[in-house]
Amino acid sequence: MDSATIQAMIEQGLPGAQASVNGEDGVHFEAEVVAEQFAGKLPLARHRLVYATLGDLMGGAIHALALKTLTPQEAAARR
């Protein structure tokens, strides 16, 4: 598994999302995902949306995925 594949899957599964994924060892990754779909959702619900885009890869080919999930407004406020 590689970062580019995970990024593509997240962005395809959450239309309009922007994902940045890093992972050196091929099984442990971290991602920042900015998506309008996160608006009004608690962190756990946001994470579930991301996990759903990756399906059975979670816990298999992707051993661990640390997530930072933001709405576009939250991301803009951080800059």
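As a convention, each chain's residues are numbered from 1 in the sequence order in which they are written. Two thresholds apply to this predicted model, a pLDDT of at least 70 for residue-level local features and 80 or more for giving and counting side-chain atom pairs, whereas whole-chain, interface and lining totals are computed over all residues. Processing note: side-chain calculations cover all non-hydrogen atoms of the structure and skip hydrogens and water entirely.

As named in an unreviewed UniProt entry, the chain is BolA family transcriptional regulator, taken from Dyella solisilvae. UniProt positions are given in the numbering used here, feature names are shortened, and annotations may be inferred rather than shown by experiment. A UniProt comment under Sequence similarities (unreviewed entry) is attached to the chain, and it reads "Belongs to the BolA/IbaG family."

Engineer: Looking at this structure, how should I read the overall build of the chain?
Structural biologist: From N to C terminus, the chain includes three helices and three strands. A run of H or I in DSSP becomes a helix once it reaches four residues, and a run of E becomes a strand once it reaches two; helices and strands are each numbered from the N terminus. Counting from the amino terminus, the chain carries its helices and strands in the arrangement α-β-β-α-β-α. The globule rule used here is 2.2 Å times the number of residues to the 0.38 power, and the radius of gyration it is set against is calculated over C-alpha atoms. At 12 Å, the chain has a C-alpha radius of gyration in line with the 12 Å of a compact globule built from 79 residues. Seen through its principal axes, the chain has C-alpha atoms that stretch 30 × 25 × 20 Å. Each residue is placed in one exposure class: buried if its accessible area under a 1.4 Å probe, protein chains only, is under 20% of its type's maximum, exposed if it is over 50%, and partly exposed if it falls in between. Looking at the 79 residues of the chain, the share that counts as buried comes to 33%. Partitioning the intrachain contacts of the chain with sequence separation of at least 6 by distance along the chain shows that 52% fall at a separation of at least 24. Roughly 4,600 Å² of accessible area belongs to the chain as shown, and the carbon and sulfur atoms make up 53% of that amount. By definition in these notes, contact holds between two residues if any of their heavy atoms fall within 4.5 Å. Accessible surface is estimated by sampling points in the Shrake-Rupley manner with a 1.4 Å probe; for residues, cover comes only from the protein chains shown.

Engineer: I'm lost on the nonpolar core in this one. Help?
Structural biologist: Generally speaking, soluble globular proteins have nonpolar side chains that are buried together. Ranked by internal contacts, the top residues of the largest apolar core, which has 16 residues, are Ile6, Ile10, Leu14, Val33, Val50 and Leu65. Of all elements in the fold, only α1 (3–13), β1 (18–22), β2 (28–34), α2 (43–54) and β3 (64–70) reach the threshold of two or more residues within this core. The dominant element in this core, judged by the number of residues it contributes, is β2, at three residues. When neighbours within four sequence positions are excluded, Val50 is seen to be in contact with Ile10, Leu14, Val33, Phe38, Leu65, Leu67 and Thr69. Side-chain atoms within 4.5 Å link the members of a nonpolar core, which is a set of buried Ala, Val, Leu, Ile, Met, Phe, Trp, Tyr and Cys residues.

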